[in-house]
Amino acid sequence: MNRHKRLTNEQYEFIKREIVYIFEKYEIHCIPISGFELASKIGIHMIPYSSLTRKQLESACELSNDGFYLETKSGRDYIYYNDRIAYVRMNMTILHEIGHCVLDHDGQSDNEEAEANFFAKYAIAPPPLVDKIKPECPIDIANVFHISYEASIYALDYYKKWLVYGNKDYTEYEMRLLNLFKAS
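We now turn to the structure provided with this report. (Residues numbered from 1 in each chain as written. Predicted model: local features only at pLDDT ≥ 70, side-chain atom pairs only at ≥ 80, totals over all residues. Heavy atoms only, no water.)

**Considerations on the overall build of the protein chain**
- In terms of regular secondary structure, the protein chain is built from nine helices and three strands.
- On C-alpha atoms alone, the protein chain measures out to a radius of gyration of 16 Å, which is about the 16 Å that the 2.2 N^0.38 rule sets for 184 residues.
- On the principal axes, the C-alpha backbone points of the protein chain span a range of 50 × 30 × 30 Å.
- Sequence-distant contacts, at least 24 apart, represent 61% of the contacts inside the protein chain between residues at least 6 apart.
- Surface exposure of the protein chain reaches about 10200 Å², of which carbon and sulfur atoms provide 51%.
- One way to put it: in the protein chain the 21 positive side-chain charges average out to a point 2 Å from where the 27 negative ones average out. (Helix = DSSP H or I, 4+ residues; strand = E, 2+ residues; numbered from the N terminus. Rg over C-alpha atoms; globule rule 2.2 N^0.38 Å. Contact = heavy atoms within 4.5 Å. Areas by Shrake-Rupley, 256 points an atom, 1.4 Å probe, with all protein chains shown as cover. Lys, Arg positive; Asp, Glu negative; His and termini not counted. Charge placed at Lys NZ, Arg CZ, Asp CG, Glu CD.)

**So, the pairing of strand β2 (residues 67-71)**
- Pairing between β2 and strand β3 (residues 77-81): five bridges, direction antiparallel. When the bridges of β3 are listed, F68 appears paired with Y80.
- Hairpin connection between β2 and β3: a loop of five residues separates the two successive antiparallel strands, and G75 in this loop has a positive phi of roughly 95 degrees. (Pairing = 2+ DSSP bridges.)

**Some words on unusual backbone geometry**
- Put simply, I31 and P32 share a cis peptide bond, and its omega is 5 degrees.
- You can see P32 is positioned in the loop between α1 (9-25) and α2 (35-42).
- Positive phi, close to 55 degrees, is recorded for E27, a residue that is not glycine.
- Counting through the fold element by element, E27 comes out in the loop between α1 and α2.

**A word on the pattern of salt bridges**
- Enumeration according to the criterion identifies seven salt bridges in this entry.
- The salt bridge partner of R89 is D66, with a shortest N-O separation of 2.7 Å. Residue R89 is located in helix α4 (residues 87-102), and its partner D66 is located in the loop between α3 (54-63) and β2; the two are separated by 23 residues in the primary sequence.
- Residue classification places R89 among the partly exposed positions, given a relative accessible area of 47%.
- By relative accessible area, which is 16% here, D66 ends up buried.
- Among the salt bridges present, the one from D157 reaches K161, with a minimum N-O distance of 3.3 Å. Placement of the pair is D157 and K161 together in helix α8 (residues 149-165), with a separation of four residues, close to one helical turn.
- Connected through shared salt-bridge partners, E24, E172 and R176 make up one network. (Salt bridge = Lys/Arg side-chain N within 4 Å of Asp/Glu carboxyl O. Buried < 20%, exposed > 50% of the residue type's maximum accessible area, 1.4 Å probe, protein only.)

**A few points about the packing of α1 against helix α9 (residues 172-180)**
- One way to put it is that α1 packs onto α9 with a least axis distance of 10 Å and a crossing angle of 30 degrees. Between α1 and α9, the crossing angle belongs to the class labelled roughly parallel. For α1 against α9, the interelement crossing comes out left-handed. Along the contact surface, α1 presents E13, K16, R17, V20, Y21, F23 and E24, while α9 presents Y173, R176, L177 and L180. (Axes fitted to C-alpha atoms, helices over the stretch in contact; angles between N-to-C directions. Parallel < 35°, antiparallel > 145°, perpendicular 65-115°, else oblique. Left-handed = near helix turned anticlockwise from the far one by under 90°.)

**Description of a nonpolar patch on the surface**
- A cluster of nonpolar side chains, contributed by I139, Y149 and I153, occupies part of the molecular surface with about 270 Å² of accessible area.
- Residue placement: I153 occurs in helix α8.
- Relative accessible area serves as the criterion here: at 39%, I153 is assigned to the partly exposed category. (Patch = residues over 30% accessible without salt bridge, like charges linked within 9 Å, V, L, I, M, F, W, Y side chains within 5 Å.)

What follows is the structure, encoded as structure tokens:
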């Protein structure tokens, strides 16, 4: 899958608004963002790889070494995740898989993967919240948002682009996001 597929501006804006809506609906208002907490509040059943039989684990790893989302015919949502990887990667994987669920994906297209990647990236460290800490380097972001150094480099780069190309005033959904996280 192409992990660097560019989405349209409309897709990016839709996903950002959807994340803020989800955070409001499920009362997510503390940094760092926990994929486990969000999945639990949404009602997604979490299945760690360590609970699988050897054969199930082999099948799961064939799909993904990190994790995957599954919606059953009865409409139940599941995220299977590798609980033997670093927490920061596990959390990002879970947010990615929540993106598939929230965005109502039904396949593995490049577009759906790009949307889920962006969902996780924005959900874990939204630029308006990054702006609150005025980061000087990636480590500042990694420490506050509990993300990997690599993810913090991307978050800092995205934040800098947001500062340059974003609106000079917060959007309506960014104001709602900041109101949610007032105490953080």
